[in-house]
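Working through the structure, step by step
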Amino acid sequence: MTELAEPPAGQLIRRYRMRRGMTQAALAEALAKASGNGSVSRDQVSRWEGGGRVPGPYWRRWLSAVLGVPRPELDRAAVRARAARLLAGAGTRNGVSH
């Protein structure tokens, strides 16, 4: 798969979550249990998947462990997601809609 064809972080997370037959709530629960950090919720997973937020390095580490996503693949997807958000933001600031 070429880098251009690879999905952004949210789509990648959703794909791996669905492959495991998990709901967003189940993923949040598994992340909280694995990390010992209960601050993650179904709403947070939803924001990641919808592209409203991009998981930082801490949560990418745990997403990789829980979902079996190769960490480099998840890191590249996060870079793509951030770049897309920056481009979308620049377009709306310049009066261009996408």
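Cut-offs applied
- Residues numbered from 1 in each chain as written.
- Predicted model: local features only at pLDDT ≥ 70, side-chain atom pairs only at ≥ 80, totals over all residues.
- Heavy atoms only, no water.
- Buried < 20%, exposed > 50% of the residue type's maximum accessible area, 1.4 Å probe, protein only.
- Helix = DSSP H or I, 4+ residues; strand = E, 2+ residues; numbered from the N terminus.
- Arc of directions from axis to C-beta.
- 1 Å grid on protein atoms, 1.4 Å probe; cavity = no way out; pocket = protein on both sides within 12 Å on 5 of 7 lines; lining within 4 Å.
- Points joined across faces, edges and corners; volume = space filled by probe spheres on them.
- Nonpolar A, V, L, I, M, F, W, Y, C, P; charged D, E, K, R; others polar.
- Core = buried A, V, L, I, M, F, W, Y, C linked by side-chain atoms within 4.5 Å.
- Contact = heavy atoms within 4.5 Å.
- Axes fitted to C-alpha atoms, helices over the stretch in contact; angles between N-to-C directions.
- Parallel < 35°, antiparallel > 145°, perpendicular 65-115°, else oblique.
- Left-handed = near helix turned anticlockwise from the far one by under 90°.

**Concerning helix H1 (residues 9–19)**
Along H1, the positions that sit buried rather than exposed are Ala9, Gly10, Leu12, Ile13, Tyr16 and Arg17. Considered in projection along H1, the buried side chains sweep an arc of 165° and stay on one side of the axis. Looking at the residues trailing H1, positive phi occurs at glycine 21, about 70°.

**Remarks on the layout of surface pockets**
Computed from the structure, the largest pocket encloses a volume of approximately 160 Å³. If you go around the largest pocket, you meet 14 residues; those closest to its centre are Pro8, Gly10, Gly50, Gly51 and Ala81. Put simply, the parts of the chain that give the lining of the largest pocket at least two residues each are H1, helix H3 (42–50) and helix H5 (71–93). Taken together, the residues of the lining of the largest pocket sort by class into seven nonpolar, four polar and three charged.

**Some words on the nonpolar core**
Within the largest apolar cluster, 22 residues are counted, with the highest numbers of intra-cluster contacts made by Ile13, Leu27, Leu31, Trp48, Leu63 and Leu67. Setting aside residues no more than four positions away along its own chain, leucine 27 makes contact with Ile13, Arg17, Met22, Val45, Leu63, Val66 and Leu67.

**Here's the deal with the environment of valine 66**
Tracing the sequence through the fold places valine 66 in helix H4 (residues 57–67). Looking at valine 66, the relative accessible area reads 17%, which means it is buried. For valine 66 and lysine 33, which are 33 residues apart along the polypeptide, the C-alpha to C-alpha distance reads 9.8 Å. Ignoring any residue separated from it by four or fewer positions in sequence, one finds valine 66 in contact with Arg20, Met22, Leu27, Ala30, Leu31 and Ala34.

**Here's the deal with the packing of helix H2 (residues 24–35) against H3**
Between H2 and H3, whose axes approach to 8 Å, the crossing angle comes to 110°. By the criterion of interaxial angle, the relationship of H2 to H3 is roughly perpendicular. Our pair here, H2 against H3, has a crossing hand that is right-handed. Of the residues in H3, those touching H2 at Gln24, Ala25, Leu27, Ala28 and Leu31 are Arg42, Val45, Ser46, Trp48 and Glu49. Along the lines of polarity and charge, the residues of the contact of H2 with H3 split into six nonpolar, two polar and two charged.

**A short note on H4**
Turning to H4, its buried residues number three or more, namely Trp59, Arg60, Trp62, Leu63, Ser64, Val66 and Leu67. One or two residues past the end of H4 sits glycine 68, with phi positive at roughly 80°.

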